[in-house]
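# Descriptive analysis of the structure
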Amino acid sequence: MTMRTTCCTRRPYHSIFLFVAVFALISVLRHMDVLQFHPKVNATIIIPRVSPHHIVNRSFCTFQPLSPQDALEERLILDSIAWPETPFLPSPISLEQTTDPANSTFTILPGRKGGQWHVGDQLEVLIQTFDFQGRPKKSGGDFITASLHNRKLEAGVAEQVVDHQNGSYSAVFSLLWEGDAQVEVTLVHPSEATVLDRLNREQPDRIYFKSVFRSGSFSETTICNVCLRPTQQLLCNYTDLRTGEPWFCYKPKNLSCDTRINHFRVAFKQNIISKEEKLFQSAVNLKVPIQATGPSNVAGLPKEHGQLKVNSSSVTGPSGYYYQGVWRALGGTTVSQFNSSAITQCLKGKAVHMYGDSTVRQWFEFLNAVLPGLKEFDLHNRKPVGPFMSLDYENNILVTYRCHGPPIHWITIPTRELRYIANELDDLNAGPNTVVVLSIWAHITTYPMEIYIRRLQSIRRAVVRLLDTNPGTMVIIRTANSRALSLQVSLTNSDWYSLQCDKVLKAMFKGLNVHLIDAWEMTLAHHLPHDIHPPPPIIRNMMNCLFSYICPQKHG
């Protein structure tokens, strides 16, 4: 990640407040149904087409053709995140032959200094997996995480786990603090849980949505999704004309496609056999710790004279770590600590526009809570849908939030508020005092990865256009994070899905003049329980990363 310093020229008050007045007026008019805005869509009736891609279910998914360059990128990314194939297992799956975290073990390998470790030394951990019958596994593919922690020091770091594809795994940590370092290894999913990948390929519609179509007092409701199974019904095609993002609804029997008024999630269809359900059992094989053979911790001694400073490798090393509850970046921008006064000074004269899912809306809510001068302007929009806007008149600070376009899993959303991030960026009046914050992943995990890649390609093109025409604009992207898992959550929002999204996002924005906030590592490295919406100590550290990018010289 590269760091750049933004121009801190104060934006004139009248420009922001003109924007505010127009934004508010349009929102009120929409609420009163005086002005009905409809995003550009192709609301024509079509019959389902066939996807050319071999991974997606060809019977009911359809996509715009990619350019040769984008198609090559898609194929290379899919190859780079491919999970090791699971050896053939009899059908139905026998739990006894799958990885058992209670039988599996990890070992801290002897160091070079006869059992002593100093800050900066490498600590290597070897993980060996066994099945429920106590037999060593001979293949890889298990989803395992590893971290170091010291609860007393509020220190922690996450490290990648290397799969040797023979039943053994390893993780190599750099010791980053003096004192105790406790190794924690967790089996998130056994390799056989790659049923998750199959679900995305064969059942991308297992979470489904509906829309109401209305003309006068008459209304009809039909099912909608990115991919709709072929029936005798015709389809309404709402593919966005600017981005090419696909969205379809079954056409109502008596109303036209143009009468659609809203979007909402209906339900989740669980369609796996009982034997497969056993792969996702809490306290059995779903996010269960693996125990050590021998000591599970080491004592870090002070750094030896002449020892090199630890820096993060862009390929394998962690992006940062916690110490005394504070996130410290390894390389790149120094993360400073901002109190309310410092945040206000940092954002003075700036417009911060947040787009995405609820994990970035959480940041919008953080700013409303900690900045006494920032007041939310009532746009009469439903929570948690938005859009939302907050304003600090005295310090000329504007903060907005808008959710991304479908698929989105929330309560009823008016169609006029279904906006794609790429279109919003293209329409944004940006400049050197504009900060754009993006987060999009949590609502797209039930689809083939091609859906996510194409969404990010569209957003990336818009980001490039934004930076070309408004080079002073700062773009900051929040990555995916881990969460608590149950059976249903695993089948829709598993950490396995989130990790794939995390890898894809980092690969696709690498080399661009944008900043990433690594929510994946910041949640894994912290000792607090995982949550789709991380707890306040983690959010505050994420926000300090955000402010450190915006104002690298202003901190309190």
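See the structure shown above.
Residues numbered from 1 in each chain as written. Predicted model: local features only at pLDDT ≥ 70, side-chain atom pairs only at ≥ 80, totals over all residues. Heavy atoms only, no water.

Turning our eyes to something else, we now look at helix H6 (residues 358-370). Helix length check: H6, at 13 residues, gives a terminal C-alpha distance of 18 Å against a target of 18 Å (1.5 Å per residue), a fit within 8%. With 11 of its 13 residues buried, H6 lies for the most part within the structure. Regarding H6, the residues found buried are Ser358, Thr359, Val360, Arg361, Gln362, Trp363, Phe364, Phe366, Leu367, Asn368 and Val370. (Helix = DSSP H or I, 4+ residues; strand = E, 2+ residues; numbered from the N terminus. Expected span 1.5 Å × (residues − 1). Buried < 20%, exposed > 50% of the residue type's maximum accessible area, 1.4 Å probe, protein only.)

Close contact between helix H5 (residues 340-347) and H6 brings their axes to 10 Å; oriented N to C, the two are set at 115°. When the axes of H5 and H6 are compared, the crossing they make is left-handed. In this structure, H5 contributes Ser340, Ile343 and Leu347 to the contact, and H6 contributes Phe366, Leu367 and Val370. When the residues that make up the contact of H5 with H6 are grouped by side-chain class, the tally is 5 nonpolar, 1 polar and no charged. (Axes fitted to C-alpha atoms, helices over the stretch in contact; angles between N-to-C directions. Left-handed = near helix turned anticlockwise from the far one by under 90°. Contact = heavy atoms within 4.5 Å. Nonpolar A, V, L, I, M, F, W, Y, C, P; charged D, E, K, R; others polar.)

What follows is about the side chain of His526. The topology assignment puts His526 in the loop between helix H11 (519-524) and helix H12 (536-550). Given the relative accessible area of 8%, His526 is considered buried. Here Leu528 takes part through its backbone nitrogen, which lies 3.1 Å from a polar atom of the side chain of His526. (Polar contact = N/O pair within 3.5 Å; in protein donor to acceptor, adjacent residues only side chain to side chain.)

A few words on the environment of Trp83. Along the chain, the position of Trp83 falls in the loop between helix H2 (68-80) and strand E2 (105-108). Distance from Trp83 to Thr194, taken between C-alpha atoms, is 8.0 Å for residues 111 residues apart in sequence. Contacts of Trp83, omitting those with residues within four sequence positions, involve Gly141, Asp142, Phe143, Thr194, Trp496, Leu499, Gln500 and Lys503. Separated by 2.5 Å, the side chain of Trp83 and the backbone oxygen of Gly141 make a polar contact.

Tallied over the full model, the rule gives 8 aromatic pairs. Chaining the aromatic ring pairs together yields one cluster made of Trp83, Phe143, Trp496 and Tyr497. Taking the ring centre of Tyr238 as reference, the NZ or CZ of Arg260 above it sits at 4.5 Å. A cation over an aromatic ring shows up here: Arg361 above the ring of Trp410, its NZ or CZ 5.2 Å from the ring centre. (Phe/Tyr/Trp six-rings, centres within 6.5 Å; stacked < 30°, edge-to-face > 60°. Lys NZ or Arg CZ within 6 Å of the ring centre and 35° of its normal.)

Let us now look at the sheet that holds strand E22 (residues 397-403). The strands making up a sheet are joined through hydrogen bonds of the backbone, oriented either antiparallel or parallel. Within the open sheet, the 7 strands sit side by side as E20-E21-E22-E19-E24-E25-E26. Their pairing is mixed. Two strands in the sheet have a free side with no partner beyond their single neighbour: strand E20 (375-377) and strand E26 (515-517). Each adjacent strand pair in this sheet contributes to an overall mean axis angle of 20°, direction not counted. The pairing of strand E19 (residues 351-356) with E22 spans 6 bridges and is classified as parallel. (Pairing = 2+ DSSP bridges.)

Note that every value here comes from positions in space, so none of it alone points to a role or purpose.
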